[in-house]
Amino acid sequence: MTGQVGPAVARQRLRVRLRAIREERGLAADTVAREMYWSLSKLNRIETGAVTISPVEVRALLEHYGIRDKKEVTALMSLAATSRSRQWWSSHKLTREYQQFVAYEAEASRISMYHATLIPGLLQTEDYAKNSTAKVIHRSPDDADVLARIEIRMERQRNMQQRMQSPDAPEVIAALDEAVLRRPVGGPTVMRHQLDHLLEMGRMSAITLIVVPLSLAGHPGLGGTFELLEFAGSGDPDVLFVESAASDWLVQTPEVTAHYRETMKILEMDSLTGDAAVRAVHEIRDSLGT
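Residues numbered from 1 in each chain as written. Predicted model: local features only at pLDDT ≥ 70, side-chain atom pairs only at ≥ 80, totals over all residues. Heavy atoms only, no water.

(A) Quick look at the packing of helix α1 (residues 7-24) against helix α5 (residues 70-83). Where α1 meets α5, the axes come as close as 8 Å, and the angle between the chain directions of the two elements is 135 degrees. Judged by the angle between their axes, α1 and α5 are oblique. Along this stretch, α1 crosses α5, giving a crossing that reads as left-handed. Taking contact as the criterion, the partners of P7, A10, R11, R13, L14, R17 and I21 in α1 are, on α5, E72, L76, L79, A80, T82 and S83. A breakdown of the residues in the contact of α1 with α5 according to their chemical character gives seven nonpolar, two polar and four charged. (Axes fitted to C-alpha atoms, helices over the stretch in contact; angles between N-to-C directions. Helix = DSSP H or I, 4+ residues; strand = E, 2+ residues; numbered from the N terminus. Parallel < 35°, antiparallel > 145°, perpendicular 65-115°, else oblique. Left-handed = near helix turned anticlockwise from the far one by under 90°. Contact = heavy atoms within 4.5 Å. Nonpolar A, V, L, I, M, F, W, Y, C, P; charged D, E, K, R; others polar.)

(B) Structural view of the side chain of H115. Tracing the chain through its elements places H115 in strand β1 (residues 110-115). Residues within four places of H115 in sequence aside, it is in contact with P120, A175, L176, D177, V180 and T225.

(C) Examining the sheet that holds strand β6 (residues 248-251) more closely. The seven strands lie next to each other as β6-β5-β4-β1-β2-β3-β7, forming an open sheet whose pairing is mixed. Two strands bound the open sheet, and with one partner strand each, they are β6 and β7 (272-273). Alignment of β1 against strand β2 (residues 171-177), held across six bridges, turns out to be parallel. From the neighbouring strand, I111 faces β2, where its bridge partner is V172. (Pairing = 2+ DSSP bridges.)

(D) Looking closely at the packing of aromatic side chains. Applying the stated criterion across every chain, the model contains seven aromatic pairs. Pairing W88 with W89 gives two aromatic rings, centres 5.5 Å apart and planes at 80 degrees, and the pair type is edge-to-face. Its relative accessible area of 7% is what places W89 among the buried residues. Between F226 and Y260, the ring centres sit 4.7 Å apart and the planes meet at 65 degrees, which makes this aromatic pair edge-to-face. Taken together, the positions of F226 in strand β4 (residues 226-230) and Y260 in helix α11 (residues 254-270) put the pair 34 residues apart, joining distant regions of the chain. Residue class for F226 comes out buried when judged on its relative accessible area of 3%. A relative accessible area of 22% places Y260 in the partly exposed class. In this structure an aromatic cluster arises from ring pairing among Y98, F101 and F241. When the ring centre of W38 is taken as reference, the NZ or CZ atom of K42 above it lies at 4.5 Å. (Phe/Tyr/Trp six-rings, centres within 6.5 Å; stacked < 30°, edge-to-face > 60°. Buried < 20%, exposed > 50% of the residue type's maximum accessible area, 1.4 Å probe, protein only. Lys NZ or Arg CZ within 6 Å of the ring centre and 35° of its normal.)

This is the structure in structure tokens:
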């Protein structure tokens, strides 16, 4: 439990350790809740990460469990404090799943994504983002709901760009279906600027662009758009995020995330990468004129 972490990973590590300690002692959750004068729902929500727990409550719970190791008590109390720290997304009205996704994305060491319909949010221009979001939610580009969503997306980009300048810059692997590049969202001018921006981002050493050609008869990405977040060397579980207009899903099941990790490997192996991917984007951009 060493090293600097953000609130998402801190909450994950804390909930896993607290549950592990209870189970190691053979204690039932309802018994602990009753003896702590908590509701069973509160303990369950702490152990699933649905809510945070204060450092003082962590110390009381560890005392109840008989944990006397000052180093572990201090470490877990520190995780509790970090998990409750307010971040920029705290002021936005987000679903629980999307808020968790944004928090994990802000800490991931590798961000792998496959997009079949649109340019990924982290790589969108503001005009492209407005026009694509407006179409998805059936509103005008200047609608307040559209602008609120774009504000969050732009903040995600600013966070990533700041991290790109730091020693712990994340690796970003973006696999895009060729159809995404050819669909002129917002019209030719908006799309030209979007593809120029995509090429500029692709020149960054930490970003890898993959173009999945329409000529490819079939590939595992046909299952749909997804984003996979990894936390290299930390022992923290990978996080899979699937977003749709109706609802979002966040999955940490190892078997599921392993499947999507393999999907990214296959897409990279069977698609256009490196200079070939850049040429493909350039050719499509040039076909839109000047």
